[in-house]
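What the coordinates show
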Amino acid sequence: MAARRARRLLGSLCIALLFAQPAPTGAAARSGSRSLLTESLVRTFTPFYFLVEPLDVLSVRGASVIMNCSAQCETPPRIEWKKDGSFLNLVSDDRRQLLPDGSLLINSVVHSKHNKPDEGYYQCVATVDSLGTIVSRTAKLTVAGLPRFTSQPEPTSVYRGGSAVLGCEVTAELAPLLRWERDRQALAPDRRVLQLPGGALLLTNASDADAGLYRCALDSGGTPKYSDEAELKVLPDAEEPQRLALLKPPSSLSRLPGQRAVFPCVAAGFPPPLIRWTRNEEELPTDGSGRFQLLPGGVLEIRDVAEADAGTFTCIAESGNDTLEAQAELAVQVPPTFLKRPANIYAHESMDIVFECEVTGKPTPTVKWVKNGDVVIPSDYFKIVKEHNLQVLGLVKSDEGFYQCIAENDVGNAQAGAQLIILDLDVAIPTLPPTSLTSATNDHLAPATAGPLPSAPRDVVATLVSTRFIRLTWRPPASDPQGDNLTYSIFYTKEGINRERVENTSRPGETQVMIQNLMPETVYVFRVVAQNRHGPGESSAPLKVATQPEVQLPGPAPNIRAFSGSPTTVTVTWETPLSGNGDIQNYKLYYMEKGQHTEQDVDVAGLAHTVTGLKKFTEYSFRVVAYNKHGPGVSTHDVVVRTLSDVPSAPPQNLTLEVRNSKSILLQWQPPPAGTQSGQITGYKIRYRKVSRKSDVTESVGGTQLSQLIEGLERGTEYSFRVAAMTINGTGPATDWVSAETFESDLDETRVPEVPSSLHVRPLVTSIVVSWTPPENQDVVVRGYAIGYGIGSPHAQTIKVDYKQRYYTIENLDPSSHYVITLKAFNNVGEGIPLYESAVTRPHSDTSEVDLFVINAPYTPVPDPSPMMPPVGVQASILSHDTIRITWADNSLPKNQKITDARFYTVRWKTNIPANTKYKTANATTLSYLVTGLKPNTLYEFSVMVTKGRRSSTWSMTAHGTTFELVPTSPPKDVTVVSKEGKPRTIIVNWQPPSEANGKITGYIIYYSTDVNAEIHDWVIEPVVGNRLTHQIQELTLDTPYFFKIQARNSKGMGPMSEAVQFRTPKAESSDKMPNDQASGSAGKGSRPMDLGPDYKPPLGESVRNTPSTDTMPAASAVPSAELPEPEGPFLPAEEEPQGPPTAHVRPSHPLKSFAVPAVPPAGGPFDPALPSTPLLTQQAPGHPMHAVKTASIGTLGRTRPPMPVVVPSAPEVQETTRMLEDSESSYEPDELTKEMAHLEGLMKDLNAITTA
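Below: a short report on this structure. Note that the structure is a prediction, hence the values are computed from the model and not measured. Per-chain numbering applies: the sequence of each chain, read as written, is numbered from 1 onward. The predicted origin of the model limits local features to residues at a pLDDT of at least 70 and limits the giving and counting of side-chain atom pairs to 80 or more, whereas totals for whole chains, interfaces and linings rest on all residues. The side-chain numbers reported here are obtained from all heavy atoms of the structure, hydrogens and water having been left aside.

Observations regarding the overall build of the chain
What counts is decided by this rule: Put simply, DSSP H or I for four residues or longer makes a helix, DSSP E for two residues or longer makes a strand, and each gets a number counted from the N terminus. Relative accessibility under 20% of the residue-type maximum defines a buried residue, over 50% an exposed one, and the middle range a partly exposed one, all with a 1.4 Å probe and only protein chains included. Only heavy atoms enter the contact rule, under which two residues are in contact if any of them lie within 4.5 Å. Reported accessibility uses the Shrake-Rupley method at a 1.4 Å probe radius. Residues are deemed covered only where the shown protein chains occlude them.
A tally of helices and strands in the chain yields 5 helices and 88 strands. The burial tally for the chain puts 47% of its 1253 residues in the buried class. For the chain, the share of sequence-separated contacts (at least 6 apart) that also reach a separation of at least 24 residues comes to 67%. For the chain, the exposed area adds up to about 61600 Å²; of that, 51% sits on carbon and sulfur atoms.

A look at the sheet that holds strand β52 (residues 608-611)
Strand-to-strand pairing in sheets goes through backbone hydrogen bonds, with the strands running parallel or antiparallel. Selection criterion: By this definition, two strands are paired if DSSP reports at least two bridges between them. Axes, fitted as lines to C-alpha atoms, cover a helix only where it is in contact. Angles between the N-to-C directions of the axes lie from 0 to 180 degrees.
Reading across the sheet, the 3 strands line up as β48-β49-β52 and stay open at both edges, with antiparallel pairing between neighbours. Each having just a single partner strand, β48 (561-566) and β52 make up the two edges of the open sheet. In this sheet, adjacent strand axes meet at a mean angle of 20 degrees when their direction is disregarded. As defined by bridge partners, strand β49 (residues 569-573) adjoins β52 across 4 bridges and the pair is classed as antiparallel. Across the sheet, the residue bridging to threonine 571 is threonine 610, located in β52.

Observations concerning the nonpolar core
Rules: For our purposes a nonpolar core is just a set of buried Ala, Val, Leu, Ile, Met, Phe, Trp, Tyr and Cys residues, chained together by side-chain atoms within 4.5 Å.
Among the nonpolar cores identified, the biggest contains 30 residues, and Ile353, Phe355, Trp369, Leu395 and Leu420 are the most heavily contacted of them. Breaking this core down by element, the ones donating at least two residues are β31 (345-348), β32 (353-355), β37 (389-392), β38 (401-409) and β39 (412-423). It is β39 that provides the largest number of residues to this core, a total of 7 residues. Judged by nonpolar contacts, the second largest core, of 23 residues, contains Ala71, Ile79, Leu141 and Val143.

Observations concerning the sheet that holds strand β36 (residues 382-385)
Pairing in this open sheet of 3 strands is antiparallel, and the strands run β32-β37-β36 from one edge to the other. Strands at the two margins of the open sheet, each flanked by one partner only, are β32 and β36. Looking at each pair of strands side by side, their axes are set apart by 25 degrees on average, direction ignored. Inspection of the sheet shows β36 paired to β37 by 4 bridges, in the antiparallel sense. Looking at the pairing, phenylalanine 382 lines up with valine 392 of β37.

Side note on the pairing of strand β53 (residues 619-628)
Summarising burial for β53: 9 of the 10 residues are buried, a large majority. Bridge analysis of strand β50 (residues 586-593) against β53 gives 8 bridges, and the strand direction is antiparallel. Bridge pairing links tyrosine 590 to arginine 623 in β53. Across 4 bridges, β53 lies against strand β55 (residues 639-642) in antiparallel orientation. Bridge pairing links glutamate 619 to arginine 642 in β55. Direction of pairing for β53 relative to strand β54 (residues 631-632): antiparallel, over a ladder of 2 bridges. In the strand pairing of β54, tyrosine 627 is matched with proline 632. Here β53 folds back onto β54 in antiparallel fashion, the turn holding 2 residues.

With respect to the environment of serine 635
To keep things clear, this is the line we draw: Identification of polar contacts relies on pairs of N or O atoms within 3.5 Å, with a donor-acceptor requirement for protein atoms, meaning one able to donate a hydrogen and the other able to accept it, and with residues adjacent in sequence counted only if both atoms are side-chain atoms.
Looking at where serine 635 falls in the secondary structure, it is placed in the loop between β54 and β55. A distance of 3.0 Å separates a polar atom in the side chain of serine 635 from a polar atom in the side chain of arginine 623.

What about unusual backbone geometry?
Residue proline 271 is bonded to the preceding phenylalanine 270 through a cis peptide linkage, with omega at 5 degrees. Tracing the backbone shows proline 271 in the loop between β23 (266-270) and β24 (274-279). Of note in the backbone geometry, aspartate 84 takes a positive phi value of approximately 55 degrees without being a glycine. Looking at where aspartate 84 falls in the secondary structure, it is placed in the loop between β5 (78-83) and β6 (86-87).

Listed below in structure tokens is the structure:
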């Protein structure tokens, strides 16, 4: 006894020193004298977390910034930093350095219009090499923009005792840096004066002392930036009643909990107005005792905002009998917070685990998972369940490490982590809350004791095989024939995958299990391990089982035809499918407008249907799917038909007029919207008249061009024009009348322009801003300006700009260099007299006002006539994948924005990909323009200028818009197929993304077939999820030509298929490898050829394409053991030609429709219960003669596979066989099985209905 204790103590010490080494296997593992780890020797979780995480920072240019970070662990961690997802190289960085505690110091923040290297998202990464990696929350570094005022103060007058608002708007990040001055002196603190959050100044209870010149200043480092000065006049007390007006209504706000919210409501009138507030139509107490306070001037202040404060705030101003109301919304956003953080987990290999993570926030946070610093990509074994939890199936040793749940919304992000430790199988899992283990793997975790372990379970067979589940049975190990106290773990995986999953039996002594949630027509490998109170024993031999194909469904309806009977109807006809597999219950007709991505459908009882309510002269695709009792069958191919044409239903768009001279006006327009043309446009009808004589109309019919020059008009006369589109069916509606006035006299272009009247230059470090005014004599046509420049000579480079332009920035110059600049006006006759100027660029060290000057346009002497104000409020509204509507306002128009003169607007747009893309322009005579013909999923920038007569504005501020995605319009490129080295039955398909992806690619579908001319629904499909560009296809037939096509998918649907690529598999496999389903010429050493019997058919040379047939065939057939030969060595039964109808409803663009309803296993005749009638693959079971069962497999989607042999052990002894059958029947009665199968059938019908829709 003492010797045994000594040996056990010695073994425990050895394991304590070598616990990280692999556990012993085989006989050593089963030895009764081995020692087990005690609970005190189990590896403990290592505390590894952040003490400090970086926070969002607002900085200014030139300042220093510290991003704080500190991590805690037993071993000091190595700290690194990421910016925008990429690691920073801090070794060679002279501005950024890592501080001793792990924080990041950024010296002298760099920020300019074109160079923003420091602004972005930062993340701290802590690593302990022997342990793992954790990442912090991301923190945003924002650099306040260059000083710029979005609005300037304007002169204002106010009555004594009244309120006034002086505007001075800046961007949100600059607002804290803004201050006000009166008469160039800082404003003294005063309760009557309040600076609003946007920067505007509110002055209440005005007195004579408040009069003066006001301006605002921006202090962002360096010299302050001042706005224009505006005079505030204080008028005597008002004696007559003044109309009530809102000077500053409230604006909607978004705030975080704990912040301050301010709603202005400044009203003017006499008698002085009274202000009160309501929230969600309930009166607000603003007596100052709570968080709501009414400040002077009617301003509502909310201190310490709470989530419950969100709602609609209404300001009510009352003066005498007048009342005005204004509303604003307060949105309260909440950063993510954790309701449940992930917990540390102990587990064994092959287990399934779940890390739980519950978060809340507003907007609802998104969650991603990170393992050791790398984002976890969902797959078959890593799944996101219950919205935020991470499930890991079939654990392997490399899954150990730190897992973090990272939650993020628009206002913040947070992280929480946990550690996973995978213990050796002979180490008991310590007692922990079982919530982190799934129900399939949370049994048998009690500590084991030393003693003999079970041998391998015997005779593992699959007694029931369906499309998505398999039932396994076995006999207890020889070491414990009764097996009443044994429990079992069933390990299984897909063939070729090294990650096993485990399912445990539910009670001791149970010798069967149902494995569910499998994939149809897939080979799985199973093994069973018995476990007693001493621990797990020896594993059974691997058993390969192939799940059944999906049930058979109707084939495609033949001879589908479609024709249009009117501009809005199409009639579709078809015939009954040749392979119905049961009575056809009904048909579903699908149709879709070409270029759209959503199908519509209608149920049809017969063989024809007329679809009404379609768009005129529009292409539609139609297809038909037949239904039987199992569900939808194979779809027909698409037929495309165009509805008949009609007259256009809408006028042409964007009609603009451009006065060319005193006798001609150029008309330009765009066709009617695509959905309203109702046919092929054959021409346009133009009607015009003098505004003074509306009855005298002239008509002109033109071709399909989109412009027309109308000549022979009278000088100085206003004309109105309208345009209508024509098809072969007639003329559509016309545009509204648009007017323009011809010039009184024409400009001279018989000579070159005169010299420009002024030229000014402003040198910067690497650029020079040139500004000028046009020639004084404006009777000569100016087509543009030529700018020449160079070091010492103006003839090195020449730039030509439009005649409307008044300044230009010459870039990419050398610092501290002397440049000579020349400016010439030109027209079609030639260039005029040049004007010269010189400038010296600034040295590198001089950065004062560089960017300030670039952002704020340089001083330009006002030309005569003065330029117009540019349009404001330019907005881009995305309408489709190729259309964006641009809208704007014109401050030079009246408040109603009605255009009454002959001005027009020029819209320009471009994309930055490629970088040298040129602007495109178009003219408009309204305050909006529809830009068409754009590229899908592309960012465009837009700006607008206004022209009135010979006066033009500068370009407006830029608006941006990204067009919507569109289905890919080109197929994947460079498709190649190669054989995998050492595996001639496996090929690798490689390709490149489509040239015109038109969006983010979310997956691909590979089609392959042995018949290049087969219908596409008869090809085999292999879906590829994500943007991978390579895929393996296994188990192909040797020496057979295959054809491959690929289709790309994005969020909008499927693109076109690539051209078929042919590849022939090799003739034979290597001599040292013989696959299970490949026939061999000899049976091996000492074996004799098998007697195949009189019904033997020679193997086919290549797979047979599935052809429609009304015949049915069983999924598997059983042969009584008495009729089977007993060979002495391994063999392969002959391959039989599969025949049968198509088995799944699949349309190429909808791969998910391959799911169908599994068949209920039919009640078969009498058979030997020891022999399963299922498509099992070869299993070597030494010590027993082998029986063979021929099976026929039915392909899915027209896929045909070689029939798979089933080799199983012979029947056990009679007594044991009887007991196995009794156990099996007692566990699963026929009625129970019928209920289970009916339930599964209902679930699959639901899935099929979803995927069909």
